[in-house]
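Inside the fold
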Amino acid sequence: MADVNFEKWKQEFKTEALEQGIKASFLERSLAGLKLDPDVIKLDNSQPEFTRSIWDYLNNATSDHRIKKGRSLMKKYDALFDLVEDKYGVQREIILAIWALESDFGRNYGNKNVIRSLATLAYASVSKKRTEFARKELLISLKIVQSFKIHTKDLVGSWAGAMGQPQFMPSSYLKYAVDQNADGIIDLWQTVPDVIGSIAHFLAEAGWRKDESWGVEVTIPSKFDWRLNSASYELRFEQWQDLNVTQINGKDFPYPLRQASLFIPAGQFGPKFLVTHNFEVIKRYNNSSSYALAVAQLSRLLATGEKIQASWPVNDKALSRYEVEEIQMRLNLEGYSPGLADGKIGIKTREAIRAWQVEQGYAGDGYANMHLLRLLRQLSSGQKPLPIK
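Numbering of residues starts from 1 in each chain and follows the order in which that chain's sequence is written. The predicted nature of this model means local features are confined to residues of pLDDT at least 70 and side-chain atom pairs, given and counted, to a pLDDT of 80 or more, with totals for whole chains, interfaces and linings taken over all residues. In computing side-chain values, all of the structure's heavy atoms are included and hydrogens and water are not.

**What to know about the overall build of the protein**
Cut-off, in case you're wondering: Secondary structure elements follow DSSP: runs of H or I of four or more residues count as helices, runs of E of two or more count as strands, with numbering from the N terminus. Atoms counted for the radius of gyration: C-alpha only. Globule rule: 2.2 Å times residue count to the power 0.38. Partly exposed residues are those whose accessible area sits between 20% and 50% of the maximum for their type, while under 20% is buried and over 50% is exposed, using a 1.4 Å probe and protein chains only. Throughout, a residue-residue contact means that at least one pair of heavy atoms, one from each residue, lies within 4.5 Å. All accessible-area figures derive from a Shrake-Rupley calculation using a 1.4 Å probe, and residue coverage is judged against the displayed protein chains alone.
On a plain count of helices and strands, the protein comes out with 17 helices and 7 strands. In terms of C-alpha radius of gyration, the protein reaches 23 Å, essentially the compact-globule figure of 21 Å for 389 residues. Taken across its 389 residues, the protein has 52% of its residues classed as buried. Across the protein, every contact between residues at least 6 apart in sequence was considered, and the portion connecting residues at least 24 apart equals 65%. Working note: accessible area of the protein is about 19,700 Å², and carbon and sulfur atoms make up 49% of it.

**Details of the packing of aromatic side chains**
Definition in use: Each Phe, Tyr or Trp ring (for Trp, its six-membered ring) is paired with any other whose centre lies within 6.5 Å, and the angle between the two planes then decides the class: stacked below 30 degrees, edge-to-face above 60, tilted in between.
Within this structure, the stated rule accounts for 18 aromatic pairs. Where Phe-224 meets Trp-226, the ring centres are 5.3 Å apart and the plane angle is 85°; that geometry is what we call edge-to-face. Accessibility classification places Phe-224 together with Trp-226 in one group, the buried group. For the pair Phe-263 and Phe-279, a centre-to-centre distance of 5.3 Å together with 45° between the ring planes defines the contact as tilted.

**Some words on the pattern of salt bridges**
This is how the line gets drawn: The rule for a salt bridge is simple: a side-chain nitrogen of Lys or Arg has to be within 4 Å of a carboxyl oxygen of Asp or Glu.
Following the criterion strictly, the structure yields 23 salt bridges and no others. The partner of Glu-16 in a salt bridge is Arg-135, and the shortest N-O contact between them spans 2.5 Å. Placement of Glu-16 in helix α1 (residues 4–19) and of Arg-135 in helix α9 (residues 128–148) is noted, with a sequence separation of 119 residues between them. For Lys-317, the salt bridge goes to Glu-323, with nearest N and O atoms at 3.4 Å.

**Things to note about the pairing of strand β6 (residues 259–263)**
Here is the rule: For two strands to pair, DSSP has to find at least two bridges joining them.
Counting buried positions over the 5 residues of β6 gives 4, a clear majority of the element. Note that β6 and strand β7 (residues 272–275) share 3 bridges and pair antiparallel. Across the sheet, Leu-262 pairs through a bridge with Leu-274, a residue of β7.

**Structural notes on the environment of Ala-303**
Along the chain, the position of Ala-303 falls in helix α14 (residues 289–303). Taking the C-alpha atoms as reference points, Ala-303 and Lys-75, 228 residues apart in sequence, are found 12 Å from one another.

**Concerning the environment of Gln-91**
The following threshold applies: Counting of polar contacts relies on pairs of N or O atoms within 3.5 Å, with two restrictions inside protein: one atom must be capable of donating a hydrogen and the other of accepting it, and residues adjacent in sequence are counted only when both atoms are side-chain atoms.
Following the sequence through the fold, Gln-91 ends up in the loop between α6 (78–88) and α7 (92–103). It is 31 Å that separates the C-alpha atoms of Gln-91 and Val-145, two residues lying 54 residues apart in sequence. Residues contacting Gln-91, with those up to four places away along its chain left out, are Glu-85, Trp-208, Lys-210 and Glu-212. A polar atom in the side chain of Gln-91 sits 2.9 Å from the side chain of Trp-208.

**Remarks on the pairing of β7**
Both faces of β7 are covered, namely the face carrying Lys-272 and Leu-274 and the face carrying Phe-273 and Val-275. Pairing geometry for strand β3 (residues 215–219) and β7, over 4 bridges, is antiparallel. Bridged to Val-218 within β7 is Lys-272.

**Quick notes on the packing of helix α4 (residues 54–61) against α14**
Applicable threshold: Whenever a helix is involved, its axis is fitted only over the stretch in contact; in every case the axis is a line through C-alpha atoms, and angles between N-to-C directions fall within 0 to 180 degrees. Working rule for angles: under 35 degrees goes down as roughly parallel, over 145 as roughly antiparallel, 65 to 115 as roughly perpendicular, anything else as oblique. In this scheme the handedness of a crossing depends on how the near helix is turned from the far one: anticlockwise by less than a right angle means left-handed, clockwise means right-handed. All amino acids are sorted into three groups, where Ala, Val, Leu, Ile, Met, Phe, Trp, Tyr, Cys and Pro are nonpolar, Asp, Glu, Lys and Arg are charged, and the leftover types, Gly among them, are polar.
The geometry of α4 relative to α14 is characterised by a closest axis approach of 10 Å and an angle of 40° between their N-to-C directions. On the basis of the axis angle, α4 is oblique to α14. The interaxial crossing formed by α4 with α14 has right-handed handedness. Counting all contacts with α4, which are made through Ile-54, Tyr-57, Leu-58 and Ala-61, the residues of α14 involved are Ser-290, Tyr-291, Leu-293, Ala-294 and Leu-298. Looking at side-chain class alone, the contact of α4 with α14 contains 8 nonpolar, 1 polar and no charged residues.

**Structural notes on the sheet that holds β7**
Ordered in space as β4-β6-β7-β3-β5, the 5 strands form an open sheet in which the pairing is antiparallel. Looking along the sheet, the strands with just one partner apiece sit at the ends: β4 (235–236) and β5 (246–247).

**With respect to helix α17 (residues 370–380)**
One turn of the α-helix equals 3.6 residues, which is why residues spaced by three or four share an orientation. For α17, the full list of buried residues reads Met-370, Leu-372, Leu-373, Leu-375, Leu-376 and Leu-379. Elements that come into contact with the buried residues of α17 comprise α15 (321–333) and α16 (347–360).

**A look at the side chain of His-277**
In this fold, His-277 is placed in helix α13 (residues 277–285). Setting aside residues no more than four positions away along its own chain, His-277 makes contact with Gly-207, Arg-209, Glu-212 and Arg-284.

**Things to note about α14**
So the rule is basically this: By this rule, a helix spans an expected 1.5 Å times one less than how many residues it contains.
For α14, built from 15 residues, the straight-helix expectation of 21 Å at 1.5 Å per residue is met to within 8% by its first-to-last C-alpha distance of 21 Å. Among the 15 residues in α14, 13 count as buried, and that is most of the element. The opening residue of α14 is Ser-288, an N-cap whose side-chain oxygen sits 3.3 Å from the backbone nitrogen of Ser-290. Within two residues after α14, Gly-305 carries a phi angle of roughly 80°, on the positive side.

**Regarding the packing of α6 against helix α11 (residues 192–205)**
Following both chains from N to C, one finds α6 and α11 inclined at 20°, their axes separated by 10 Å at the closest point. Judged by the angle between their axes, α6 and α11 are roughly parallel. Seen along the crossing, α6 lies across α11 with a hand that is right-handed. Facing α6, whose interface residues are Leu-80, Phe-81, Val-84 and Tyr-88, α11 presents Pro-193, Ile-196, Gly-197, Ala-200, His-201 and Ala-204.

**Quick notes on the nonpolar core**
This is how the line gets drawn: We call a set of buried Ala, Val, Leu, Ile, Met, Phe, Trp, Tyr and Cys residues a nonpolar core when their side-chain atoms join them within 4.5 Å.
Judged by nonpolar contacts, the single largest core of 91 residues is most densely connected at Trp-99, Tyr-173, Trp-189, Leu-203 and Leu-293. Once residues lying within four places of it in the same chain are set aside, the contact partners of Trp-189 are Tyr-109, Ile-150, Asp-154, Leu-155, Val-156, Met-163, Gly-164, Gln-165 and Tyr-173.

See below:
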């Protein structure tokens, strides 16, 4: 039986779409018989019970299979990569790493009809922000089909509306997708040159610097000013070296006058990095520090085989979403500002943790684990945590 409210929503949406220049006959064909996708509703409502450790995420992202496949594709499309690198200034290993993480080099880019997924989210998402975003992307997806001669049934992607092998949202398709093989069609589903060129174009437009790496793995001294551990705090590599922050391989920094910020994803006992402007550019593709590090590390493995040298704190227990929420709520009560207590560890939460740690006399690594939660519980019970001497 049809959802009466959804049918009403479609009529309201048609009015807006007509005002945006979508033709009436095309709209009728595109939305006729369109039904909500229960799988999309289920996925939109689902939240993981536990946070995923960055080392587990990286192990999967940089698997031997992906390294082998990536190097094979690098060789196969060598001439194409030469052209793309020359035009956009983005290294092939970076393009390959993003291609791998987004769709496993085209093996899995989703099987959902993008228009149906976006219509479902625009109508039924539990998130108002996602509802508004999906509505805008739905309008753009219809414009793409109307203008670029891609059939609605071929507009395939993830449940959230990301399309094709690079997993572009419709708005990104309009801005960054390119017809690299000049056949008159921009095909991000089956045409490899268009996929590679489009990823490179996205990064170039986001500000990629062709003569700069994403960063380096480093060691820090035992006595360190943890106030410097902030994504918003940048120093030149030579200044970091003056503070006894050095490359883990013992070599001099290759670009001493370039700026970088410290990135410590798994606490003071895990790997540490100095990351550059290009690391932030990768995050514009997917706004996740874990994602950016996975792209960075996979690209390095593809290019040089160089692995992360420091060990991960693999014995740390994964925090549940509720435990992360508790950390966020307790930080709020202590006067810090981790943002909404949503069970997700983002920049605001890490900065709030770091500020609390520094204030209490601990190493300000910004790392959320069970040890941190126990300290916060101890403080709220009236037992002042003792600072590290």
